[in-house]
Amino acid sequence: LGSPYTCLYSTERDGKSFRAMQRALWSYAGTTLLLIHTTDGDTLGYYTESPWKAGSSKWFGSPDYDSFLFTLDPQVRIYPANATASAGKK
């Protein structure tokens with residue numbers, strides 16, 4: 001995160017609308033860091049270098065660490081993508 005960043009969506013600015021968040025992400029093709037602070041005080045997020053695709057129900061990332069889920073609080077953990085998950089298999 002050494003370069004300048006742009007806030008694409010904020011609940012304070014844009015309201016608490018999942019649809020508004022989707023529209024903001026779909027129009028952006030760059031690297032994305034999504035941070036979520038829950039009402040229970042937990043902090044989690046998602047990082048991806050892959051562009052978001054409108055209307056897609058499938059995951060479009062790479063298991064080579066260009067996309068992963070993470071938690072920061074209460075404990076730091078990283079959940080990398082894997083080939084099984086990206087293929088939509090359980």
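In the block above lies the structure referred to throughout.
Everything numeric here is computed off the predicted structure, so don't read it as measured data.

### Observations regarding the sheet that holds strand S3 (residues 67–73)
And step 1. Taken in spatial order, the four strands of this open sheet run S1-S2-S3-S4, and their pairing is antiparallel. The open sheet has two free edges, formed respectively by strand S1 (32–37) and strand S4 (77–80), since each of these has just one partner strand. Averaged over all adjacent pairs, the angle separating strand axes in this sheet is 15 degrees, with direction ignored.
And step 2. The sheet contact formed by S1 and strand S2 (residues 43–48) spans six bridges and is antiparallel. Following the sheet pairing, Ile 36 is matched in S2 by Leu 44.

### Points about the packing of aromatic side chains
We describe a pair of aromatic rings using the distance from one ring centre to the other and the angle between the two ring planes.
And step 1. Overall, the coordinates contain two aromatic pairs when judged by the stated rule.
And step 2. Following the ring pairs from residue to residue traces out a cluster consisting of Tyr 47, Phe 68 and Phe 70.

### Some thoughts on a nonpolar patch on the surface
And step 1. On the surface, a nonpolar cluster with roughly 370 Å² of combined accessible area is contributed by Leu 33, Leu 35, Leu 72 and Val 76.
And step 2. Tracing the backbone through its elements, the reader meets Val 76 in the loop between S3 and S4.
And step 3. According to the relative accessible area criterion, Val 76 is exposed, its value standing at 61%.

Cut-off values and rules
- Residues numbered from 1 in each chain as written.
- Predicted model: local features only at pLDDT ≥ 70, side-chain atom pairs only at ≥ 80, totals over all residues.
- Heavy atoms only, no water.
- Pairing = 2+ DSSP bridges.
- Helix = DSSP H or I, 4+ residues; strand = E, 2+ residues; numbered from the N terminus.
- Axes fitted to C-alpha atoms, helices over the stretch in contact; angles between N-to-C directions.
- Phe/Tyr/Trp six-rings, centres within 6.5 Å; stacked < 30°, edge-to-face > 60°.
- Patch = residues over 30% accessible without salt bridge, like charges linked within 9 Å, V, L, I, M, F, W, Y side chains within 5 Å.
- Areas by Shrake-Rupley, 256 points an atom, 1.4 Å probe, with all protein chains shown as cover.
- Salt bridge = Lys/Arg side-chain N within 4 Å of Asp/Glu carboxyl O.
- Buried < 20%, exposed > 50% of the residue type's maximum accessible area, 1.4 Å probe, protein only.

Nothing here speaks to function; it is geometry throughout.
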